[in-house]
Amino acid sequence: MIKWTLDELRRNCTEPLALNETVDISSLIKSKNESIISVSPAKINGFFALDQLGVLGSFKIEIKMVLPSTRSLQPVATQLNFDINEYYVDQQTENLAAFGKNDVVIFLADGLLDLSEIICDNVLARLPLKVLTPAENAGKAVLPTGKDWQVVEEGHAASNQKSIDPRLAKLKNFFKD
């Protein structure tokens, strides 16, 4: 785990602190989301820089993970690649007017900057909502059905949409003269 206090960074970071690390967050991320099947170590490339507003973290994260399909619960290999640009400030910081409206500002409890927590939180925030196996994604997988129910994909019409409930069939001619 890589941790720094804000005071430590303020004293020692006259130049940006370059990061080119591989961080294993598998146990941390699984403790926060038990549905994740497996996680590879995350590759981090970027820097922390101190400025008048706080500590700016700017880095790219690459991570591979296995998630359950949202349709069949089958394991699906997924890769996430994304950039992070966040400011980290003391919890006592009151003046946020200096930050831009698009700046992400994170308040640090106890002034502790934990790289593993930063990575974990950002990965969890970027987990895809829809995870499908290659067969499900290609539309080749059979959608689950049961007695009087079936799964229908959003945006697709149900195959029996025109069928009329037999209990209501007699009402079809009710208003005809």
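Predicted model only: the values in this text are computed from it and were never measured. (Residues numbered from 1 in each chain as written. Predicted model: local features only at pLDDT ≥ 70, side-chain atom pairs only at ≥ 80, totals over all residues. Heavy atoms only, no water.)

A. Region of the structure containing the packing of aromatic side chains. Within the structure shown, the criterion is met by four aromatic pairs. The interplanar angle of 65° and the centroid separation of 6.0 Å between the aromatic rings of Phe48 and Tyr88 together place this pair among those described as edge-to-face. In this pair, Phe48 is assigned in strand S4 (residues 42-50) and Tyr88 in strand S6 (residues 75-90), connecting sequence segments 40 residues apart. Since its relative accessible area comes to 1%, Phe48 is described here as buried. When the centroid spacing of 5.1 Å and the interplanar angle of 65° are considered together, the rings of Tyr87 and Phe99 count as edge-to-face. Of this pair, Tyr87 sits in strand S6 while Phe99 sits in the loop between S6 and strand S7 (104-108), and the two are twelve residues apart along the sequence. No difference in accessibility class separates Tyr87 from Phe99, as the two residues are buried. Through pairs of rings, three or more aromatic residues link up here, namely Trp4, Phe48, Phe59 and Tyr88. (Phe/Tyr/Trp six-rings, centres within 6.5 Å; stacked < 30°, edge-to-face > 60°. Helix = DSSP H or I, 4+ residues; strand = E, 2+ residues; numbered from the N terminus. Buried < 20%, exposed > 50% of the residue type's maximum accessible area, 1.4 Å probe, protein only.)

B. Structural context of the nonpolar core. The biggest cluster of nonpolar side chains holds 34 residues, and the ones touching the most others in it are Phe48, Phe59, Ile61, Met65, Tyr88, Ile119 and Val123. Elements with a contribution of two residues or more to this core: helix H1 (6-12), strand S2 (17-23), helix H2 (26-32), S4, strand S5 (55-68), S6 and helix H3 (115-125). Of the residues forming this core, the biggest block, six residues, is contributed by S5. With residues near it in sequence (within four places) discarded, Phe59 still touches Leu19, Ile44, Asn45, Gly46, Phe47, Phe48, Phe82, Asp83, Ile84, Tyr88, Leu115 and Ile118. (Core = buried A, V, L, I, M, F, W, Y, C linked by side-chain atoms within 4.5 Å. Contact = heavy atoms within 4.5 Å.)

C. Structural context of unusual backbone geometry. In this structure, Leu73 is a non-glycine residue whose phi angle is positive, near 65°. With respect to the element layout, Leu73 can be found in the loop between S5 and S6.

D. Molecular detail of a nonpolar patch on the surface. Among the surface-exposed residues, Ile164, Leu168, Leu171, Phe174 and Phe175 lie close enough to one another that they form a single nonpolar patch of about 600 Å² accessible area. Mapped onto the fold, Ile164 is located in the segment after strand S10 (149-150). (Patch = residues over 30% accessible without salt bridge, like charges linked within 9 Å, V, L, I, M, F, W, Y side chains within 5 Å. Areas by Shrake-Rupley, 256 points an atom, 1.4 Å probe, with all protein chains shown as cover. Salt bridge = Lys/Arg side-chain N within 4 Å of Asp/Glu carboxyl O.)

E. Expanded view of H3. Listing the buried residues of H3 in full gives Leu115, Ser116, Ile118, Ile119, Cys120, Asn122 and Val123. Between the side-chain oxygen at the start of H3 and the backbone nitrogen of Ser116 there is a gap of 3.1 Å, and the oxygen is on Asp114. (Polar contact = N/O pair within 3.5 Å; in protein donor to acceptor, adjacent residues only side chain to side chain.)

Fair warning: the whole summary comes from geometry, so function is off the table for now.
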